[in-house]
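Reading the structure
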Amino acid sequence: MDEDHLILSVDDTEIYFVLVSRVTVGLTLLHSDQDKGDGSLKYILSGDGAGDLFIINENTGDIQATKRLDREEKPVYILRAQAINRRTGRPVEPESEFIIKIHDINDNEPMFTKDVYNASIPEMSDVGTFVVQVTATDADDPTYGNSAKVVYSILQGQPYFSVESETGIIRTALLNMDRENREQYQVVIQAKDMGGQMGGLSGTTTVNITLTDVNDNPPRFPQSTYQFRAPESTPLDSPVGRIKANDADVDENAEIEYSITEGDGYDMFGITTDKDTQEGIITVKKALDFESKNLYILKVEATNTHVDSRFLYLGPFKDSATVRIQVEDVDEPPMFSRPAYIMEVKEDVPLNSIIGTVTAQDPDAAKNPVKYSVDRHTDMDRVFNINSGNGSIFTSKPLDRETLLWHNITVIAAEINNPKQSSRVPVFIKVLDVNDNAPEFAMFYETFVCENAKAEQLIQTLSAVDKDDSYNGHQFSFSLAPEAASSSNFTLQDNKDNTAGIFTRKTRYNRHETSTYFLPVVISDNDYPIQSSTETVTIRVCACDHRGKMLSCNAEALIHPTGLSTGALIAILLCIIILLVTVVLFAALRRQRKKEPLIISKEDIRDNIVSYNDEGGGEEDTQAFDIGTLRNPEAIDDNKLRRDIVPETLFMPRRTATARDNTDVRDFINQRLKENDTDPTAPPYDSLATYAYEGNGSVAESLSSLESVTTDGDQDYDYLSDWGPRFKKLADMYGSMDSDKDS
């Protein structure tokens with residue numbers, strides 16, 4: 001047995017070979033006992049790779065491999081060889097089987113499953129923290145020697161990481177690795193076969209390791225004191241300034257919440273966090289006033305919102321800074337001492353009486369003088385005025401509580417040096433009542449008394465009203481006027497409840513003697529000064545039945561006291577008459593202005609054809625049309641008016657240029673056509689203008705009877721029948737003429 005012929009065992013039917021991987025060998029010499037060397041036998045080979053990978057010399061039986069063998073491609077080959085008679089083709093011995101096994105050699109290096117591994121671990125992890133596991137495989141036979149035994153080692157990445165030699169697990173090897181110092185690491189791992197011994201093959205891979213962030217850094221202000229300036233006119237919720245605490249962490253670990261913990265401006269300012277920039281925005285919560293306080297000192301604190309308890313030992317995760325806010329003075333408008341003023345004045349106060357005073361001052365340090373005025377949009381009637389120097393409001397017109405109880409005006413205070421700086425305040429003025437109105441009847445009283453009335457009979461109950469106000473309620477007293485107290489036919493009884501009754505003084509009244517009584521009644525109030533008035537009650541004497549029901553009176557019967565009076569009916573009647581007269585006059589004027597067209601048409605007065613309902617005299621009528629008129633324009637009557645409408649306004653006749661002698665009629669007609677087109681007196685609708693000139697080139701040629709006389713020969717008018725029913729009359733006329741000639 002040598003390198004090329006490795007025969008393990010041979011029996012009658014099977015031969016075993018063991019070949020070293022990746023060698024080209026002559027396997028063996030197959031020889032039959034029947035082979036006498038005379039070339040009568042032929043050796044043949046079949047099975048795995050026969051004829052391709054393995055060949056046999058048909059004369060000698062020598063079996064050879066044609067190429068290098070690789071166990072990783074195929075570890076076992078099975079071949080069958082036989083000797084046959086070359087002439088007959090029959091086997092001379094049974095078929096022999098060859099089993100060829102390829103023994104492995106270390107010809108494959110370890111291969112990692114990934115070219116590049118990516119992994120991440122939190123920063124500040126403990127030593128030995130699992131990072132990632134790498135895996136390498138070796139294609140060599142693991143059952144034969146150490147060709148496939150892989151050992152891992154780290155080539156790059158120490159002292160930060162380590163790798164387990166057998167498992168390929170990478171772990172941290174250094175304590176407290178800080179992401180803020182270094183975030184990315186690149187580790188190179190080697191896998192070597194042969195158990196890592198000398199001569200083994202190896203492969204490498206790269207592992208990229210990233211440290212993820214944890215909240216291990218507290219926020220820190222870059223400076224301990226911040227200073228801002230804010231005008232005292234800064235609107236509420238407006239920003240004053242921004243501050244920012246730096247945090248080396250990222251994402252949610254760097255989120256900061258700002259707050260004002262103490263300071264004299266704790267309630268004057270607020271602070272919010274800008275989520276995008278993690279800045280603290282200081283805003284105004286209350287109105288600033290330079291004159292009251294011009295400097296505020298705040299203590300602002302920045303705190304992490306997500307705190308990791310594992311790193312509390314590193315210290316508090318917050319920081320503080322001092323903020324100084326300087327309030328700047330601005331020119332402010334005057335300020336009134338009150339947001340609104342309420343004043344009272346009696347309605348009988350004399351003119352120019354002071355009813356109250358408003359006060360405003362310039363809040364600035366300069367204390368500029370202030371002038372006052374009344375906004376006249378709130379006092380259109382100029383009932384009140386104000387002293388521009390001291391703000392005293394006084395009356396300029398009489399007041400009447402019964403007309404207007406409240407006057408709501410606006411007073412303006414402006415700086416004298418800068419009138420644009422002004423402010424307003426409402427002033428509510430209540431007019432107090434005085435007893436300046438006498439009581440009067442609650443309604444107009446017109447009653448009646450029956451002729452057969454009895455004495456002491458109640459015929460009417462009276463009541464009164466007073467426009468004045470009464471805090472304790474009105475108390476009216478009723479009495480007859482002195483001139484009627486003794487001679488009256490009626491008596492008055494005061495009921496002491498602000499009502500009074502009228503009673504008859506005698507029995508029976510005669511309407512023929514006296515049809516109407518006018519009873520004067522005096523009404524007084526009990527306020528100071530006492531006001532009284534005399535009202536008149538109208539009493540008519542009427543005929544009544546025995547039940548006291550009115551039948552008739554000398555004057556109008558009082559059937560419906562609430563109906564229309566005679567004066568109202570007369571006024572309504574006059575209005576109706578005036579309206580009718582107005583309508584009649586308007587219609588008459590429209591009729592007079594209306595134009596009366598002379599054109600009479602069956603369809604529309606604006607038809608193009610004007611019908612005059614007269615018939616010409618034919619060829620012998622020499623008066624119907626004078627061609628000389630066209631050639632002599634001066635013969636036209638200048639005062640001739642349009643015939644299609646009734647003249648409404650006589651326009652001045654327009655002179656036209658006189659045509660030269662012997663001018664062509666066509667030129668003359670074109671001139672008149674242009675004049676009619678530009679005539680401003682022409683109606684705004686189409687009308688037929690007759691020019692008495694016939695053009696040339698008509699398809700039907702001329703139909704004029706004048707021109708027909710000049711023709712030399714007779715004409716055939718049969719073609720008129722082909723022109724339709726409109727020319728039927730002409731066809732009949734001229735057709736009959738031809739018939740007459742023929743006859």
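Quick caveat, the model's predicted, so the values are computed rather than measured.

With that settled, consider the pattern of salt bridges. With the rule as written, the count across this model stands at 15 salt bridges. Across the salt bridge formed by Glu 328 and Arg 229, the nearest N and O atoms sit 3.9 Å from each other. Within this pair, whereas Glu 328 is found in strand E24 (residues 318–328), its partner Arg 229 is found in strand E18 (residues 225–231), the two being separated by 99 residues in sequence. Close ionic contact of Glu 451 with Arg 511 constitutes a salt bridge, the shortest N to O distance being 3.5 Å.

Our next topic: the nonpolar core. One broad trend across soluble globular proteins is that nonpolar side chains are buried collectively. Formed by 27 residues in total, the largest nonpolar core has its most connected members in Phe 490, Ile 502, Val 521, Val 537 and Ile 539. For this core, the secondary-structure elements that each account for two or more residues are strand E35 (446–450), strand E36 (458–465), strand E37 (477–480), strand E38 (490–494), strand E39 (499–504), strand E40 (516–524), strand E41 (532–544) and strand E42 (550–553). Counting residues per element, this core draws most heavily on E41, which supplies 5 residues. Apart from the residues within four sequence positions on either side, Phe 490 is in contact with Val 449, Ile 459, Leu 480, Ile 502, Phe 503, Thr 504, Arg 505, Tyr 509, Tyr 517, Leu 519 and Ile 539.

Cross-referencing UniProt, the feature "transmembrane region" (unreviewed entry) maps to residues 568–589 in the present numbering. The span residues 568–589 is 100% helical and 0% strand by assignment, and the distance between its end C-alpha atoms comes to 32 Å.

This next bit is on the pairing of strand E32 (residues 406–415). Within E32, 8 of the 10 residues are buried, which leaves it mostly tucked inside the rest of the structure. Two strands pair when backbone bridges link them, and strand E29 (residues 370–374) and E32 are joined in this way by 5 bridges, in the antiparallel orientation. In the sheet register, Val 374 faces E32, and the bridge partner there is Val 411. As paired strands, E32 and strand E33 (residues 422–432) are joined by 9 bridges and run antiparallel to one another. Within E33, the residue paired with Thr 410 across the bridge is Pro 426. The turn linking E32 back onto E33 is made up of 6 residues.

Further remarks concern the state of the cysteines. For the structure on display, the rule yields 2 disulfides. The disulfide that involves Cys 450 links it to Cys 544, with 2.0 Å between the sulfurs. Taking the sign of the torsion about the S-S bond as the criterion, the disulfide between Cys 450 and Cys 544, at about -85°, is left-handed. In this pair, Cys 450 is assigned in strand E35 and Cys 544 in strand E41, connecting sequence segments 94 residues apart.

Reading the values: rules and limits
All residue numbers refer to position in the chain's written sequence, counted from 1. Whole-chain, interface and lining totals are the exception, using all residues; otherwise, since this is a predicted model, local features are given only for residues with pLDDT of at least 70 and side-chain atom pairs are given and counted only at 80 or more. The side-chain figures draw on all heavy atoms in the structure; neither hydrogens nor water molecules are used. One side-chain nitrogen of Lys or Arg within 4 Å of one carboxyl oxygen of Asp or Glu is enough to make a salt bridge. Only DSSP runs of H or I reaching four residues or more are called helices, and only runs of E reaching two or more are called strands; each is numbered from the N terminus. The criterion is simple. A nonpolar core is a set of buried Ala, Val, Leu, Ile, Met, Phe, Trp, Tyr and Cys residues joined through side-chain atoms within 4.5 Å. The rule is simple: take the accessible area with a 1.4 Å probe, protein chains only, and divide by the maximum for that residue type; under 20% is buried, over 50% is exposed, in between is partly exposed. Any pair of residues with heavy atoms lying within 4.5 Å of one another is described as a contacting pair. UniProt positions are given in the numbering used here, feature names are shortened, and annotations may be inferred rather than shown by experiment. Criterion used throughout: strands pair if DSSP finds at least two bridges between them. Any two cysteine sulfur atoms lying within 2.5 Å of each other are counted as a disulfide.

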